[in-house]
Amino acid sequence: MTKPIDYDAPRRPAVDAEDDSLEELKARGAAPQSASVDLDEAEAAENFELPGADLSGEELTVAVVPMQPDEFRCARCYLVHHRSQLAAQADGRDVCQECS
């Protein structure tokens, strides 16, 4: 029978795993951990832009086209559809086929 496999454990080639002696594994476990990862995370956090940042200097780069005469706005999902998607007029309000 084979040993059960821990799928959450870090993967290493079988050749590397067999070459490690008990002394080498103990030495790796006792080695001091460096704080370089924490420093890198701090530097990355300084350059990270949070949502809700001031965008007053930004310009709109997408052309906004007004609703065309052959389109309607669905009263339920508020999306603009072509007239061919009009399913019903509930209480005088236009409703698309997806919402009906």
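Please read all numbers here as calculations on a predicted model, not as lab measurements.

Q: Tell me about the overall build of the protein chain, residues and numbers included.
A: Counting secondary structure elements, the protein chain contains three helices and four strands. Each helix (α) and strand (β) of the protein chain, taken in turn from the N terminus, gives the series α-α-α-β-β-β-β. Counting all 100 residues of the protein chain, 8% fall into the buried class. Pairs at least 24 apart in sequence give 6% of the contacts found in the protein chain among residues at least 6 apart. When the accessible surface of the protein chain is split by element, carbon and sulfur atoms take 54% of a total near 9,400 Å².

Q: Explain the state of the cysteines to me, and be specific about the residues and the numbers.
A: For the coordinates displayed, the defined rule picks out zero disulfides. Between Cys77, a free cysteine, and Cys74, which holds the nearest cysteine sulfur, the sulfur-to-sulfur gap is 3.7 Å. Free cysteine Cys99: the closest other cysteine sulfur is in Cys96, separated by 3.6 Å.

Q: Explain the confidence of the model for the protein chain to me, using residue names and the numbers behind them.
A: A low pLDDT means the predicted coordinates there should not be read in detail. Looking at the protein chain as a whole, its pLDDT mean stands at 78, while 76% of the residues score no less than 70. When the elements of the protein chain are averaged for pLDDT, helix α1 (residues 14-19) gives the smallest value, 56, and strand β2 (residues 80-82) the largest, 94.

Q: So what's going on with the environment of His82? Residues and values would help.
A: Within the secondary structure layout, His82 lies in strand β2. Along the sequence, His82 and Phe72 sit ten residues apart, while their C-alpha atoms lie 6.4 Å from each other. When residues no more than four places from it in sequence are discounted, the contact partners of His82 are Asp70, Glu71 and Phe72. For His82, the side chain forms a polar contact with the side chain of Asp70, separated by 3.2 Å.

Q: Please provide a residue-by-residue account of the environment of Leu79, values included.
A: Counting through the fold element by element, Leu79 comes out in the loop between β1 (71-73) and β2. Residues in contact with Leu79, not counting those within four places in the same chain, are Phe72, Arg73 and Cys74.

Q: Residue-level account of a nonpolar patch on the surface, with values.
A: Together, Leu60, Val62 and Val64 make up a nonpolar patch on the protein surface, roughly 350 Å² of accessible area in all. A relative accessible area of 69% means that Leu60 is categorised as exposed.

Q: Tell me about unusual backbone geometry, and please be specific about residues and values.
A: In this structure, Tyr78 is a non-glycine residue whose phi angle is positive, near 65 degrees. Along the chain, the position of Tyr78 falls in the loop between β1 and β2.

Cut-offs used in this document
- Residues numbered from 1 in each chain as written.
- Predicted model: local features only at pLDDT ≥ 70, side-chain atom pairs only at ≥ 80, totals over all residues.
- Heavy atoms only, no water.
- Helix = DSSP H or I, 4+ residues; strand = E, 2+ residues; numbered from the N terminus.
- Buried < 20%, exposed > 50% of the residue type's maximum accessible area, 1.4 Å probe, protein only.
- Contact = heavy atoms within 4.5 Å.
- Areas by Shrake-Rupley, 256 points an atom, 1.4 Å probe, with all protein chains shown as cover.
- Disulfide = S-S within 2.5 Å.
- pLDDT = per-residue confidence, 0-100.
- Polar contact = N/O pair within 3.5 Å; in protein donor to acceptor, adjacent residues only side chain to side chain.
- Patch = residues over 30% accessible without salt bridge, like charges linked within 9 Å, V, L, I, M, F, W, Y side chains within 5 Å.
- Salt bridge = Lys/Arg side-chain N within 4 Å of Asp/Glu carboxyl O.

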